[in-house]
Amino acid sequence: MAPHPELLSMQRLLRVFVASLAAVLMTVALSGAAVADGGRSARTWTVQVGSESSDQAIQGMAFLPENVFINAGDKITWKANSAEIHTVTFLAAGQSLESTQPFDPALDANIHQQGGKSYDGQSYYNSGVMTNVSNSGFDQTKEYSLKFPATGEFTYYCLVHGMAMKGTVHVREAGTEYPYSQSEYDHQAHKQERKILRDGEKQWEAAREHVDQNTAANTVIAGTDNGTAMVMRFVHQEIKIHVGESVTFVNNGMGAPHTVTFGTEPADPFASLGDPTNFTGGDLSSGLMPLKTTYTVTFKKAGDFDYICALHDFMGMVGTVEVRD
Ligand SMILES: [Cu+2]
């Protein structure tokens, strides 16, 4: 007697289930075996540099994971994970973070890759500019790898974001049991990324509420951040005023600098340019707007005036002031 068709499909389902269970068990056995070698064979670990929302509006100042525990002889590969630029920088013994101005032309080497492929524990090593896009205005480094032959605790920084963005490599004796697997680090990283996105959305919302409640003040928030999550947008992106009125741009953040730049993008985004008290069009720039600074522009002519943040325009940080008679 032929088996009932439903029974047949049950048997097939069961076979599929057993096969997938076997695959899962196999994976578990394999990763178990890898841990059981006591970490004697050198490994390569991955750390993400930055994080972002899909529209690039929210950017994370973080190495994910921030702490990684490896053994002597292992290698770390840092991977660019955001449009916002970052560096992986190990300072030389005795060197201070303040002394390394990444964009100082006199210290041009700061922003370029420096040091060998194996970390000596005391010299200056730099990844160059890490970003996942090619239009940041810098030579793009997508991946940076260093081998760690010696034990120790090594803290590194992003030169662009300074103390706000650091990570530590904990290098232990070869053969030490690893406290975390790569997939555990990846899980931590995903969790932190989601938190950064949530924090960014909240700040963006707060910025919108702030400008909505103070429309008479003609305020535009020129980016905001909480030291980790950055909102790379002008709020409101479009503002309407009358001839003779002013707009005040406010950098409301704790870590990320911005600019307000009308006209041609200047070669040096950090220098201020033009007279903001009497703007009728053409080139005008705030120069670098560090944290909690304002820049007020008085518009003396009708028209639509487009402007950018010269540091973050490639990720959509642009706006327009519509000036009417
Ligand atoms: Cu900006």
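Residues numbered from 1 in each chain as written. Predicted model: local features only at pLDDT ≥ 70, side-chain atom pairs only at ≥ 80, totals over all residues. Heavy atoms only, no water.

Here we look at the side chain of T261
Note that T261 resides in strand 14 (residues 261–262). A polar atom in the side chain of T261 sits 2.8 Å from the side chain of T259. In terms of polar contacts, T261 uses its side chain to reach the side chain of S285, at 2.9 Å. With near-sequence residues (within four places) excluded, T261 lies in contact with P266, L284, S285, D306, Y307, I308 and A310. (Helix = DSSP H or I, 4+ residues; strand = E, 2+ residues; numbered from the N terminus. Polar contact = N/O pair within 3.5 Å; in protein donor to acceptor, adjacent residues only side chain to side chain. Contact = heavy atoms within 4.5 Å.)

Looking at the coordination of the copper ion
Only H258 (ND1), C309 (SG), H312 (ND1) and M317 (SD) from the protein reach the copper ion as donors, at distances of 1.9 to 2.8 Å. Around the copper ion sit 4 donor atoms, and with donor-metal-donor angles ranging over 91 to 131° the site reads as tetrahedral. Counting residues between consecutive donors of the copper ion along the chain gives the motif H-x50-C-x2-H-x4-M. Taken together, the residues span a long stretch of sequence, with H258 in the loop between strand 13 (246–250) and strand 14 and H312 in the loop between strand 17 (303–308) and strand 18 (318–324) at a distance of 54 residues. In this structure H312 comes out as buried when scored by relative accessible area, which is 3%. (Donors = N, O, S within 2.8 Å, 3.2 Å for Na, K, Ca; no water. Tetrahedral: all angles 85-135°; square planar, octahedral: opposite > 155°, others 65-115°. Buried < 20%, exposed > 50% of the residue type's maximum accessible area, 1.4 Å probe, protein only.)

Comments concerning the side chain of S286
Structurally, S286 can be placed in the loop between strand 15 (284–285) and strand 16 (294–298). A distance of 2.9 Å separates the side chain of S286 from the backbone nitrogen of V260, its partner in a polar contact. Setting aside its immediate chain neighbours within four residues, S286 contacts T259, V260, S272 and Y295.

Points about the sheet that holds strand 18
One open sheet holds the 5 strands; their spatial order is 12-18-17-14-15, and the pairing between them is mixed. Of all the strands in the sheet, just strand 12 (238–242) and strand 15 have a single pairing partner and so form its edges. Where strand 14 and strand 17 come together, 2 bridges link them in antiparallel fashion. Opposite T261, over in strand 17, you have I308 as the bridge partner. (Pairing = 2+ DSSP bridges.)

Points about the sheet that holds strand 1 (residues 44–52)
Taken in spatial order, the 8 strands of this open sheet run 7-4-1-2-11-10-13-16, and their pairing is mixed. Every other strand in the sheet has two partners, leaving strand 7 (143–147) and strand 16 as the edge strands with one partner each. With direction set aside, neighbouring strand axes in the sheet form an average angle of 15°. (Axes fitted to C-alpha atoms, helices over the stretch in contact; angles between N-to-C directions.)

Thoughts on the pattern of salt bridges
Going through the model one piece at a time under the given rule, you end up with 5 salt bridges. Its salt-bridge partner being R324, residue D304 comes within 3.1 Å of it at the nearest N-O pair. Here D304, found in strand 17, pairs with R324, found in strand 18; they are 20 residues apart in sequence, far enough to count as distant. Judged by its relative accessible area of 48%, D304 falls in the partly exposed class. Using a relative accessible area of 37% as the deciding quantity, one classes R324 as partly exposed. Salt bridges linked by common partners bring K240, D304, E322 and R324 together as one network. (Salt bridge = Lys/Arg side-chain N within 4 Å of Asp/Glu carboxyl O.)

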